[in-house]
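Listed below are the residues making up each chain.
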Amino acid sequence: MQLTIDRLPVTDISRFFAECYEREKPVLLTGVELTDTERCRDYARLLANHADAQRVSGHVALPLELTGMPYPAIPLVDSVMSRNGIALKPSPVKVWMQPRGHTTLLHYDGNSLSGLNLQLHGRKRWLLVSPHTPPPLKPLSYLSLTNETFTPHKDRHDYYTFETEPGDLLYLPRYWAHRVRALESDSANLNWVWTSLQPNLQSRVGRRECALLKLKTMIPPLSRMAHPRISPLHYGDGGPTLLRNYTDAVDPLMLLETAIREVISATRIPFYQRSVARQHRQLVANNFRREDQPAETS
Ligand SMILES: O=C(O)CCC(=O)C(=O)O
Ligand SMILES: [Fe+2]
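If you're wondering where the values come from, they're calculated on a predicted model, not measured in any experiment.

1. Quick look at the overall build of the chain
- What the chain contains, in helices and strands, is eight helices and 14 strands.
- On C-alpha atoms alone, the chain measures out to a radius of gyration of 19 Å, which is about the 19 Å that the 2.2 N^0.38 rule sets for 298 residues.
- Summarising its shape, the C-alpha atoms of the chain cover approximately 55 × 45 × 40 Å along the three principal directions.
- Here the chain holds 298 residues, and the buried ones make up 52% of them.
- Residue pairs in contact within the chain that sit at least 24 positions apart in sequence constitute 83% of those at least 6 positions apart.

As C-alpha cells, then:
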C-alpha cells in the first residue's frame, strides 16, 4: 500500500536514532539550514571539480572532509558517520546533479549501503519501495528489472512517493529500492553513505543480498557476471569481519530460495534488459550535465 513518509526536524537526533535509524525506517528530516542559497547553486559543481572527486556512473564520489560547505555542520550527519558498527568507503559522499526530467532508474544501493541524502537546490521526486515487497530485480544485481513506466501496485508493494526540497535530508535505509526524478534544472543533492557491519535479515532483500554475497564468494564467476568491477571481498569496505557477518548469517534454505528466485527472475531478462540498459545509459549521460549542455558520452 501507499505509505506516508514521516517528517522529523533534523535537530531531533534522539528521536531519529530511536524511531528511524535503529528500525531502518525511511524519514524526511527537515530544516537543514542552507545559509547561502546562491552558493548552493554552484556548490555541487564545485565539488565535482574537487581534486579528489571520482566520477562514478551517475554521480561523483568524494572523501568525507569537504571544505567550504554552504551550510553549517549537520550534527545528525556527524553522529551517524562517526558511529561504531559501520564501515565507510574511502569516498563516502556522493554528489548528484542532473538536468530537469532526468530519472535515476529504480535500484537499491549495492554494498548494503544506507544513506542520508541532502537536497541542496531544485526539487526531486522520489519513489521508495519496501525491501519486504521489492520490485522485480535483475538477477545477481541491485538494479530493478523493470521499464521506465513501472508503478508499484497498492496490493503488492509498500511504497512512498514524495518530493524533496532544499534543506530536506532523507534517511534512506539499506535495501529500499528508489527511483528519483529531477524536477528542476540542475537539481543537486548529496548523500553520505555507510554499510552496517551487521546484516539485517528481516526483509526479503536483506536475505537476498546476504545470500548473493555468499553465492558470489563461493562461485567467483557469478560476481564477475553481475558487476565486473565489484569484488565481494571488498563488499561495503568492511573487511573480513563484515564479509563473515553477512555470509555466516545465510542458511542453506536462504541460499536455495535466493538461487531459485534469481533463476525465475532471469525469465524477465529478454523483455526488460534493453530498457534497463537504456535507463542506465541515461544515468551516465546525465551525470553533471546542465540543461544547456550536450550529453557526455563517457
Ligand atoms: O538523486 C538521484 O538521482 C539518485 C540518488 C540515489 O540513487 C541515491 O542517493 O542512492
Ligand atoms: Fe541509489
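On we go from here.
2. A short note on the nonpolar core
- Among the nonpolar cores identified, the biggest contains 38 residues, and Phe16, Leu29, Leu116, Leu169 and Trp192 are the most heavily contacted of them.
- At five residues, the largest contribution of residues to this core is made by helix α2 (residues 37-48).
- In contact with Leu29, not counting residues within four places along its chain, are Leu8, Pro9, Val10, Phe16, Leu76, Leu116, Gly167, Asp168, Leu169 and Tyr171.
- Judged by nonpolar contacts, the second largest core, of 20 residues, contains Ala87, Tyr108, Tyr235 and Leu255.

3. Structural notes on the coordination of the iron ion (ligand 2)
- His107 (NE2), Asp109 (OD) and His178 (NE2) make up the full set of protein donors to the iron ion (ligand 2), lying at 2.1 Å.
- All donors of the iron ion (ligand 2) belong to a single chain; written as a sequence motif, their spacing is H-x1-D-x68-H. Of this pair, His107 sits in strand β8 (residues 103-107) while His178 sits in strand β13 (residues 177-182), placing them 71 residues apart in sequence. No difference in accessibility class separates His107 from His178, as the two residues are buried.

4. Structural notes on the site of ligand 1
- Close to ligand 1 lie Trp96, Gln98, Thr104, His107, Asp109, Asn117, Lys124, His178, Val180, Asn189 and Asn191, which account for all nearby residues.
- Asp109 is positioned with one of its side-chain polar atoms (N or O) 2.9 Å from an oxygen atom of ligand 1.
- The separation between an oxygen atom of ligand 1 and a polar side-chain atom of His178 is 3.1 Å.
- Burial of ligand 1 by the protein chains amounts to 100% of its free accessible area of 290 Å².
- Most atoms of ligand 1, that is more than half of them, are within 2 Å of grid points of the largest pocket.
- Contributions of two or more residues to the shell around ligand 1 are made by β7 (93-98), β8, β13 and β14 (187-196).
- Per-class residue counts for the shell around ligand 1 are two nonpolar, seven polar and two charged.

5. Details of the packing of helix α4 (residues 204-218) against helix α7 (residues 252-265)
- Interaxial distance between α4 and α7 falls to 9 Å at its minimum, and their mutual angle equals 90 degrees. For the element pair α4 / α7, the angle class is roughly perpendicular. Counted together, Arg204, Arg207, Arg208, Ala211, Leu212, Lys214, Leu215 and Met218 of α4 and Met254, Leu255, Thr258, Arg261 and Glu262 of α7 form the full contact between these two elements.

6. Structural notes on the pairing of β8
- Among the five residues that make up β8, five are buried, leaving the element largely enclosed by the rest of the structure.
- Here β8 pairs with β13 via three bridges, running antiparallel. Each bridged residue has a counterpart across the sheet, and for His107 the counterpart in β13 is His178.

7. Remarks on a nonpolar patch on the surface
- On the surface, a cluster of nonpolar side chains totalling about 430 Å² of accessible area is made up of Leu253, Leu256, Ile260 and Ile264.
- Among the structural elements, Ile260 can be located in helix α7.
- Look at Ile260 and you get partly exposed, because its relative accessible area is 46%.

8. Quick look at unusual backbone geometry
- With phi around 60 degrees, Asn111 is a residue other than glycine that occupies positive phi space.
- Mapped onto the elements, Asn111 comes out in the loop between β8 and β9 (113-121).
- The residue Tyr175 is not glycine, and still its phi comes out positive at about 75 degrees.
- Relative to the elements of secondary structure, Tyr175 occurs in the loop between β12 (169-172) and β13.
- Residue Tyr175 is classed as buried on the basis of its relative accessible area, which comes to 3%.

9. Quick notes on the sheet that holds strand β1 (residues 2-3)
- Pairing is mixed across the open sheet formed by five strands, whose spatial order is β1-β11-β10-β13-β8. Either end of the sheet is taken by a strand with one partner, and the two such strands are β1 and β8.

10. Quick word on the packing of aromatic side chains
- This model, assessed by the stated rule, comprises 12 aromatic pairs.
- Summarising the aromatic geometry, the rings of Trp126 and Phe162 are spaced 6.5 Å apart at their centres and angled 10 degrees between planes, so their arrangement reads as stacked. Taken together, the residues Trp126 in strand β10 (residues 124-129) and Phe162 in strand β11 (residues 159-164) connect sequence positions 36 residues apart. For the pair formed by Trp126 and Phe162, the shared burial category is buried.
- An aromatic cluster is present here, built from Phe16, Phe17, Tyr21, Tyr171 and Trp194 joined pairwise through their rings.

Reading the values: the criteria
Note on numbering: residues in each chain are counted from 1, in written sequence order. Chains carry letters from A onward and ligands carry numbers from 1 onward, assigned in written order. Selection of residues for local features in this predicted model requires a pLDDT of at least 70, selection of side-chain atom pairs for listing and counting requires 80 or more, and totals for whole chains, interfaces and linings are taken over all residues. Only heavy atoms go into the side-chain values, all of them from the structure, while hydrogens and water stay out. In this text, helices come from DSSP runs of H or I with a minimum length of four residues, and strands from runs of E with a minimum of two, each type numbered from the N-terminal end. This radius of gyration counts C-alpha atoms alone. The globule rule is 2.2 Å times how many residues there are, raised to the power 0.38. Per-residue accessibility, obtained with a 1.4 Å probe over protein chains only, is compared with the maximum for each type, and a residue is labelled buried under 20%, exposed over 50%, and partly exposed between these values. Whether two residues touch is decided by their heavy atoms; if any such pair falls within 4.5 Å, the residues are in contact. To qualify as a nonpolar core, a set must consist of buried Ala, Val, Leu, Ile, Met, Phe, Trp, Tyr and Cys residues joined through side-chain atoms within 4.5 Å. Nitrogen, oxygen and sulfur within 2.8 Å of a metal are treated as its donors, or within 3.2 Å for sodium, potassium and calcium (Na, K, Ca); water is not counted, so a site can appear incomplete. The cutoff for a nearby residue is simple: one of its non-hydrogen atoms must lie within 4 Å of the molecule or strand. Think of a polar contact as two N or O atoms within 3.5 Å of one another; within protein, one of them needs to be a possible hydrogen donor and the other a possible acceptor, and neighboring residues in sequence only count if both atoms come from side chains. Accessible surface area values rest on a Shrake-Rupley calculation with a 1.4 Å probe, where residue burial reflects the displayed protein chains alone. Detection works on a 1 Å grid of protein atoms alone, calling trapped sets that fit a 1.4 Å probe cavities and calling open sets with protein on both sides within 12 Å along at least five of seven lines pockets, with lining residues defined by an atom within 4 Å of a point. Pocket or cavity membership: a molecule qualifies when more than half of its atoms sit within 2 Å of the grid points of that site. Just so you know the grouping, Ala, Val, Leu, Ile, Met, Phe, Trp, Tyr, Cys and Pro go in nonpolar, Asp, Glu, Lys and Arg go in charged, and all remaining residues, Gly too, go in polar. Only the stretch in contact is used when a helix axis is fitted, and all axes are lines through C-alpha atoms; the angle between N-to-C directions ranges over 0 to 180 degrees. Any angle from 65 to 115 degrees is called roughly perpendicular, while one under 35 is roughly parallel, one over 145 is roughly antiparallel, and all others are oblique. For two strands to be treated as a pair, DSSP must find no fewer than two bridges joining them. A patch consists of residues exposed above 30% relative accessible area that lack any salt bridge, with like charges linked at up to 9 Å and nonpolar side chains (Val, Leu, Ile, Met, Phe, Trp, Tyr) linked at up to 5 Å. A pairing counts as a salt bridge when a side-chain nitrogen of Lys or Arg comes within 4 Å of a carboxyl oxygen of Asp or Glu. Aromatic pairs are defined between Phe, Tyr and Trp rings, using the six-membered ring for Trp, whenever the two ring centres lie within 6.5 Å; interplanar angles under 30 degrees are classed as stacked, those over 60 as edge-to-face, and all others as tilted.

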